[in-house]
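One-letter residues, chain by chain:
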Amino acid sequence: MIMMQFYSTNKTVPQQNFEEILFMGQAPDFGLYMPESIPKISKEILNKFNKMSYAEIATEICNLYLHEEIAKEDLLKISKDAYDFEVPLVKLELNHYIMRLDQGPTSAFKDFAARMMSRLMQHFLKKKSQKLTILVATSGDTGGAIADAYLGLDNIEVIILYPATEVSARQRKQMTTLGKNITAIALNGKFDDCQKLVKQAFGDADLTHLNLSSANSINFGRILPQIVYYFYAACKISPQEPCIISVPSGNFGNLMGGLIAKKMGLPVEKFVVAVNENDEYPQFLKNSKYQKVEPSKACLSSAMNVGHPSNLVRLVDLYGGHLDYQGELHALPNMDDIKNDMWSISVSDDQTIQTIKKTYDSLNYILEPHGAVAWYGLNEYLKEFPSKLPCISIETADPAKFPEEIEKILGIEIGMTENMKKQSNNQEYIQKMDNDYNSFKKMLLTR
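In short, a report on the structure. As the structure is a prediction and not an experimental result, all values here were calculated from the model.

**Remarks on the pairing of strand E6 (residues 156-163)**
Of all eight residues in E6, seven are buried, a share of seventy percent or more. In terms of strand pairing, strand E5 (residues 132-137) meets E6 through six bridges, oriented parallel. When the bridges of E6 are listed, Ile 134 appears paired with Val 158. Read as a crossover between parallel neighbours, the route from E5 over helix H6 (residues 141-150) to E6 is right-handed. Sheet analysis places E6 next to strand E7 (residues 182-188), joined by six bridges and oriented parallel. Looking across to E7, one finds that Ile 159 is bridged to Thr 183. Regarding topology, helix H7 (residues 169-176) serves as the crossover connection from E6 to the parallel E7, and that connection is right-handed.

This is the structure in structure tokens:
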């Protein structure tokens, strides 16, 4: 078999193998890396997934991309170490399920990508004698997941930028109480500002010697593990027929995992792309014109407060178009194919609140804001397009990450997870910074 190669969506730099793009993050031409071909998974293997563990399914999926770079037995060890927690599939009504991706150490779906990615990096770094600096922009959950996954790893420094006023206290403490090789920066700005500073740094020739890498979903090393849980859920719930999957979407890395899974052969009837009031994507599907939401709107589903999702670059590329990182659409993708695969809706804060209330009152289930956006989107889709197919709605975080919001909506106390209890009284280490690239660059150069 030939080693998988990855190309930049801007297509002006040479292709690279997985190890190279894992440490590069963003391509030098500011594009995002994509596999030169999407490997197909055989029906024989697909049929076996119903009886396989999560780690075993992860090994099979990742092996299709990494077979010439990491031995399959090593992948299995990495997967078992990364995924030592449950992935509950909760049946709420009829054939409608919630996939809970909140059982990892930081109680958010970002644990799935961060834990696998950190271990893949560690595997490759054992062959090198290099130091690495990872830059992360987060709207909430990514920062905590990356901090936990990389804490204490040799030769790796992690610098996390987050919007100072748009993350919950519990989200913040998952980033700011660790110390050691983790630096948390509270930026006076929006998530999109954090993301922009990180992208500028990657393209800055003055910083090349720092050996910068990314753990955001601009890095394909984050996308690859996210392909896995779509196979896991669909094959456990619906091994013989296609399903409908509702994805709460902010930076679109989660959705990209699902879309690639479908291209690999997972039978998905439709993806419901549920966004909050940052509605650039539903508008794009409606009028075939892309317009960023600037500044992004602050909503209850804070991790989805993204006015220009980075992974739209990959989505547009997957469907034959070209979008650059600044949001300029150079070539329109195949909109018919996109609309055949996806249906999108913007969900207001009022609708999110009512969904949390209704789901608790009628089903005795507590949704957090992001999961509520997905659940609302799924039900709206089914009103317009009734279906008896199995439906999966993705819950991306534990309600304990948003206690003030949930308690205000439902009038009940939301306790902490065990990890949150440990961090609640720990000292926080926070650097405050204005939204200024020169200040950020100076900090990187003088560390």
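Still more ground to cover, so stick around.
**Structural notes on the packing of helix H8 (residues 191-202) against helix H18 (residues 437-445)**
Packing of H8 against H18 leaves a shortest axis separation of 10 Å and a crossing angle of 55°. Accordingly, the angle class assigned to the pair H8 and H18 is oblique. Our pair here, H8 against H18, has a crossing hand that is right-handed. Between H8 and H18, the residues in contact are Leu 197, Val 198, Gln 200 and Ala 201 and Tyr 437, Phe 440 and Leu 444, respectively.

**With respect to the nonpolar core**
Core analysis: the largest hydrophobic core is formed by 126 residues, its most contacted members being Phe 18, Tyr 150, Phe 231, Tyr 281, Leu 315, Met 342 and Phe 440. Counting residues per element, this core draws most heavily on helix H9 (residues 220-237), which supplies 13 residues. Ignoring sequence-local partners within four residues, the contact set of Met 342 consists of Leu 255, Leu 259, Lys 270, Phe 271, Val 273, Tyr 281, Leu 285, Leu 315 and Tyr 319. Within the second largest apolar cluster, 29 residues are counted, among which are Val 347, Ile 406, Ile 409 and Ile 414.

What counts and how
- Residues numbered from 1 in each chain as written.
- Predicted model: local features only at pLDDT ≥ 70, side-chain atom pairs only at ≥ 80, totals over all residues.
- Heavy atoms only, no water.
- Buried < 20%, exposed > 50% of the residue type's maximum accessible area, 1.4 Å probe, protein only.
- Helix = DSSP H or I, 4+ residues; strand = E, 2+ residues; numbered from the N terminus.
- Pairing = 2+ DSSP bridges.
- Right-handed = clockwise from strand over helix to strand, strands pointing away.
- Axes fitted to C-alpha atoms, helices over the stretch in contact; angles between N-to-C directions.
- Parallel < 35°, antiparallel > 145°, perpendicular 65-115°, else oblique.
- Left-handed = near helix turned anticlockwise from the far one by under 90°.
- Contact = heavy atoms within 4.5 Å.
- Core = buried A, V, L, I, M, F, W, Y, C linked by side-chain atoms within 4.5 Å.

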